[in-house]
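Remarks on the overall topology
These are the residues of each chain, in order.
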Amino acid sequence: MQIVVLGSAAGGGFPQWNCHCRMCQSVRNGTSRALPRTQSSIAVSDDGENWVVINASPDIRQQINATPQLAKADGARGSAIRAVIVTDAQIDHTTGLLILREGLPLDLYCTPEVEQELSTSYPILSMMKHWEGGYRTHTVDAQSKEGWNIPAVPALRFTPITLTSNAPPFSPFRNRPRPGDNIGLKITDTRSGKSLFYAPGLGVKDDPAVLSALADADCVMIDGTLWTDDEMIREGLGESLGSDMGHLSVSGENGMLALLAEYEKPRKVLIHINNTNPILDPDSNEHQAVLDAGVDIAFDGMEIVL
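Predicted model only: the values in this text are computed from it and were never measured. For every chain, the first residue of its written sequence is number 1, and the numbers climb from 1 along that sequence. It should be noted that, the model being predicted, local features are given only for residues of pLDDT at least 70 and side-chain atom pairs only at 80 or more, the latter also being counted only at that level, while totals for whole chains, interfaces and linings use all residues. Excluded from the side-chain calculation are hydrogens and water; included are all heavy atoms of the structure.

Quick look at the nonpolar core
Generally speaking, soluble globular proteins have nonpolar side chains that are buried together. Of all hydrophobic cores here, the largest spans 34 residues; its most connected members are F197, L214, I222, L270 and V290. Under the DSSP-based scheme used, a helix requires at least four consecutive residues in state H or I and a strand at least two consecutive residues in state E, with every element numbered from the N terminus. Secondary-structure elements contributing two or more residues to this core are α1 (22-29), β10 (195-199), α8 (208-216), β11 (219-223), α10 (256-260) and β13 (295-297). Looking at which element gives the most residues to this core, the answer is α10, with 4 residues. Throughout, nonpolar core names a set of buried Ala, Val, Leu, Ile, Met, Phe, Trp, Tyr and Cys residues whose side chains join them through atoms within 4.5 Å. Throughout, exposure labels follow a simple rule: accessible area from a 1.4 Å probe, protein chains only, divided by the maximum for the residue type, with under 20% read as buried, over 50% as exposed, and the rest as partly exposed. Residues W148, L196, Y198 and C219 belong to the second largest nonpolar core, which totals 29 residues.

This is the structure:
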C-alpha cells in the first residue's frame, strides 16, 4: 500500500489566510523554519497507478497539481483519482467535492449519515448532479465489521471505525452526533496484511474500537489538531475548547502522545494540525517532545509505503 499526504493541516491551512497568530506570522515572515501546509487529506493506492482520495479538502486542486502520482493521465483530460471517501461532512473534508466537478462522474464512498448531510443541510451532492450526473454515491455502514472494497484498488480493504467526535456546525445533529457522522478508516492491504489507521478527528481515547485499531495497525495517522485543549482560547482566536470541537489534545496525561505511548508496533504520525499548534515549528520544545515520543509530524507530500 502506498500513502501520500496531500494536506496535513487542520481547517484553514497553515498559515490561515486571516490569522495573525504567532505561528502564522512566523511562517509568513520567514522568521521560523515552519513549512506551509494545506488542509488535511490523504490518498492511497495498491499499485501506484490508481488512487483513492480520502477527504476532499478545499485545497484539492493545489494538492493534485503538487502530487505527480495523481496529476497524470493518458489523454487530454483525466487524473489517477478513481474514487473519493469522505469520513465526515465537515466543510474542511468535503468542499473539494465541488472542485472535482470537472472530473465527474466519480465514485464517492461515505456513511448514510454523511450522505444525508451532503444532500440536505449542505447539499453538495444535489448541486453536483448538474455535472455529468454528479457523484456515484456508495453508502457504507459505519458499524460494518467486514468493510468494503473499491474496484480500482482491489487489494485494499476499507473498514470503518466509528469515532466520538462532533457533527458539523451546520448540522441539526451538532453536539448530539450519530455513530455514522464521524468515522476513521482501517485500510488493509490484503496481500501483505499491513494496515493503516486513519483518524484525523478524534475526541476521546477510550473507545474500544479505536484502541483495537491502534493495536492492530502498522501505521497510525491520527488527530494532532491542538497542543492543549484551551489553545484557541489562550490565543484569543475562539471560545471553544478542542474537546468541544471533537479533538483530543496532543499534550497532557490524557492527550494523544500519552495514548500513542501505549503502543509500540505502529509507525505513529500526527495529522490535521491546527495553525496555532507549536509542533509546526521545528525549533520548538513541543515539536521536539513529539519526536522524542517516537511520533512523526505529517507534512504535505509525505509518502509512506506499507
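A closer look at the pairing of strand β4 (residues 81-85)
With 4 of its 5 residues buried, β4 lies for the most part within the structure. Pairing geometry for strand β3 (residues 51-54) and β4, over 4 bridges, is parallel. Counted as the bridge partner of V53 is V84 from β4. Pairing between strands is defined by DSSP: at least two bridges between the two strands are required.

Considering unusual backbone geometry
With the exception of glycine, most residues fall at negative phi, and the peptide bonds are largely trans. Going from F14 to P15, the amide bond is cis rather than trans, its omega being 0°. Along the chain, P15 turns up in the loop between β1 (2-7) and α1. Of note, the bond from L104 into P105 is cis; its omega dihedral lies within 30 degrees of zero at 0°. Within the fold, P105 resides in the loop between α5 (96-99) and β5 (106-110). One non-glycine residue, N175, lies in positive phi territory at about 70°. Residue placement: N175 occurs in the loop between β8 (156-162) and β9 (183-189). Residue N175 is classed as exposed on the basis of its relative accessible area, which comes to 63%.

Some details on the packing of aromatic side chains
Centres within 6.5 Å make a pair out of two Phe, Tyr or Trp rings, where for Trp the six-membered ring is used; the pair is then stacked when the planes are under 30 degrees apart, edge-to-face when over 60, and tilted otherwise. A complete count under the given rule lists 3 aromatic pairs for this structure. Measuring from centroid to centroid gives 5.1 Å for Y122 and F170, while their planes differ by 55°, and the two rings are tilted. Placement of Y122 in the loop between α6 (112-117) and α7 (124-128) and of F170 in the loop between β8 and β9 is noted, with a sequence separation of 48 residues between them. Taking relative accessible area as the criterion, F170 reaches 27% and is therefore assigned partly exposed.

A closer look at the environment of N18
Structurally, N18 is set in the loop between β1 and α1. Look at N18 and you get partly exposed, because its relative accessible area is 41%. Sequence separation of N18 and G103 is 85 residues, and the distance between their C-alpha atoms is 30 Å. Polar contact criterion, stated in full: a pair of N or O atoms within 3.5 Å, where within protein one must be able to donate a hydrogen and the other to accept it, and residues adjacent in sequence count only if both atoms are side-chain atoms. Among the polar contacts made by the side chain of N18, one reaches the side chain of Q16 at a distance of 2.8 Å.

Thoughts on the sheet that holds β5
On the basis of which strands lie adjacent, the open sheet formed by 7 strands has the order β6-β5-β4-β3-β2-β1-β14 and mixed pairing. Sheet topology places β6 (135-139) and β14 (303-305) at the edges, where each strand pairs with a single neighbour. On average, each strand axis in the sheet is tilted by 25° relative to the strand beside it, whichever way the strands run. When β4 meets β5, the two strands line up parallel, connected through 3 bridges. Angular values range over 0 to 180 degrees, each being the angle between N-to-C directions of two axes fitted as lines to C-alpha atoms, with helices fitted over their stretch in contact.

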